Amino acid sequence: MLVTACTLALVAVPIALSPSVTVQPPPDLGAEQAIRADDPAGRSAIRSADPAPSSAPVPSTTSTPEPPTLVDEIVTRTNAERAAAGLPALEVSPCATEQAASRTATLAAEDRFEHDPLEPVLAACGSSRAGENLALGYPTALAVVAGWMGSDGHRANILGDAYTQIGVGCATGPRGLLCAQVFLG
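Residues numbered from 1 in each chain as written. Predicted model: local features only at pLDDT ≥ 70, side-chain atom pairs only at ≥ 80, totals over all residues. Heavy atoms only, no water.

(A) The arrangement of the overall build of the protein chain in detail. When helices and strands are counted, the protein chain shows eight helices and five strands. Counting only residues that meet the buried cut, the protein chain has 34% of its 185 residues in that class. Summarising the internal contacts of the protein chain: among those between residues at least 6 apart in sequence, 71% fall at separations of at least 24. Taken as a whole, the protein chain presents about 10300 Å² of accessible surface, with 60% of it coming from carbon and sulfur. (Helix = DSSP H or I, 4+ residues; strand = E, 2+ residues; numbered from the N terminus. Buried < 20%, exposed > 50% of the residue type's maximum accessible area, 1.4 Å probe, protein only. Contact = heavy atoms within 4.5 Å. Areas by Shrake-Rupley, 256 points an atom, 1.4 Å probe, with all protein chains shown as cover.)

(B) Region of interest: the pattern of salt bridges. One pass over the structure, following the stated rule, counts six salt bridges. With a closest N to O distance of 2.6 Å, glutamate 132 and arginine 103 form a salt bridge. Here glutamate 132 is found in strand E3 (residues 129-136), whereas its partner arginine 103 is found in helix H5 (residues 94-109), with 29 residues between them in sequence. Both residues of the pair, glutamate 132 and arginine 103, belong to the buried class. For the salt bridge of glutamate 114 with arginine 112, the shortest nitrogen-to-oxygen distance reads 2.6 Å. Connected through salt bridges with shared partners, the residues Glu110, Arg112, Glu114 and Asp116 form a single ionic network. (Salt bridge = Lys/Arg side-chain N within 4 Å of Asp/Glu carboxyl O.)

(C) Highlighting the environment of alanine 89. Residue position: alanine 89 is located in the loop between helix H4 (70-84) and strand E2 (91-92). When sequence neighbours within four positions are dropped, the list of residues in contact with alanine 89 reads Asn79 and Arg82.

(D) Geometry of the packing of H4 against helix H7 (residues 141-149). At a closest axis distance of 9 Å, the pairing of H4 and H7 adopts a crossing angle of 40°. In this view, H4 runs oblique relative to H7, as classed from their interaxial angle. In the packing of H4 onto H7, the handedness of the crossing is right-handed. Residues Leu70, Glu73, Ile74, Arg77, Thr78 and Glu81 of H4 form the contact with H7, whose own contacting residues are Ala141, Leu142, Val144, Val145, Trp148 and Met149. Looking at the contact of H4 with H7 residue by residue, the class counts come to eight nonpolar, one polar and three charged. (Axes fitted to C-alpha atoms, helices over the stretch in contact; angles between N-to-C directions. Parallel < 35°, antiparallel > 145°, perpendicular 65-115°, else oblique. Left-handed = near helix turned anticlockwise from the far one by under 90°. Nonpolar A, V, L, I, M, F, W, Y, C, P; charged D, E, K, R; others polar.)

(E) Spotlight on the state of the cysteines. Counting across every chain of the model gives two disulfides. Two residues share a disulfide in this structure: cysteine 95 and cysteine 125, whose sulfurs sit 2.1 Å from each other. Given an S-S torsion of about -90°, the disulfide between cysteine 95 and cysteine 125 has left-handed geometry. In this pair, cysteine 95 is assigned in helix H5 and cysteine 125 in helix H6 (residues 119-125), connecting sequence segments 30 residues apart. Owing to a relative accessible area of 22%, cysteine 95 belongs among the partly exposed residues under this scheme. The class of cysteine 125 is buried, set by a relative accessible area of 10%. Disulfide pairing is shown between cysteine 170 and cysteine 179; the S-S distance is 2.2 Å. For the disulfide bridge between cysteine 170 and cysteine 179, the dihedral angle about the S-S bond is near 110°, and by the sign convention the bridge is right-handed. (Disulfide = S-S within 2.5 Å.)

(F) How the structure looks around the nonpolar core. Judged by nonpolar contacts, the single largest core of 17 residues is most densely connected at Ile74, Val144, Trp148, Ile166, Cys179 and Phe183. Where this core is concerned, the elements lending two or more residues are H4, H7, strand E4 (165-173) and strand E5 (176-184). Per element, the largest residue contribution to this core is five residues, and it comes from H7. With near-sequence residues (within four places) excluded, isoleucine 74 lies in contact with Ala141, Val144, Val145, Trp148, Val168, Cys170, Cys179 and Gln181. (Core = buried A, V, L, I, M, F, W, Y, C linked by side-chain atoms within 4.5 Å.)

(G) The confidence of the model for the protein chain, seen in detail. Across the protein chain, pLDDT averages 78, with 67% of residues at or above 70. Under a pLDDT of 50 for its full length, residues 1-8 has, in the predicted model, six contacts with residues more than four places off or in other chains. Every residue in residues 16-54 is under pLDDT 50, and counting partners more than four places away or in other chains gives 29 contacts. (pLDDT = per-residue confidence, 0-100.)

Here it is, written out as structure tokens:
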């Protein structure tokens, strides 16, 4: 029964500071991704520009898309809940994502399931408002988001109209999968 209590354990914390701090837009990652060495289209473009004929076969420029990660699925399901409530989607923030991943890694490594202060998140991300949801022991993205939506405090964070950005991180610890959502506004 203790395991059941842990799997249903969820914690939500919102925090707001002075509205004088502005949110910085996330950097454009598209340009960086377009020049990655492992980009098949990039390699093909370089080969086709080579005037010397090659007998080696040119790899296909079509690739199988990567399946969504657990983190991607949590963001997608969170935004689906917001859409169902008539709210705009949250933009994925690299800073909030980094903070969520760091926070879950620390909690899992220390075998803790509790909120740490959100002031470091506010300072790191240059935001005036932050919230956090934690979930422990849920096996899938569907279960994690359903658990949060079944809890008033967590649902309030997910459907908070003051939040515009999200970051999600998950880590496996001694008690199972631990996931966090960090919201910025």
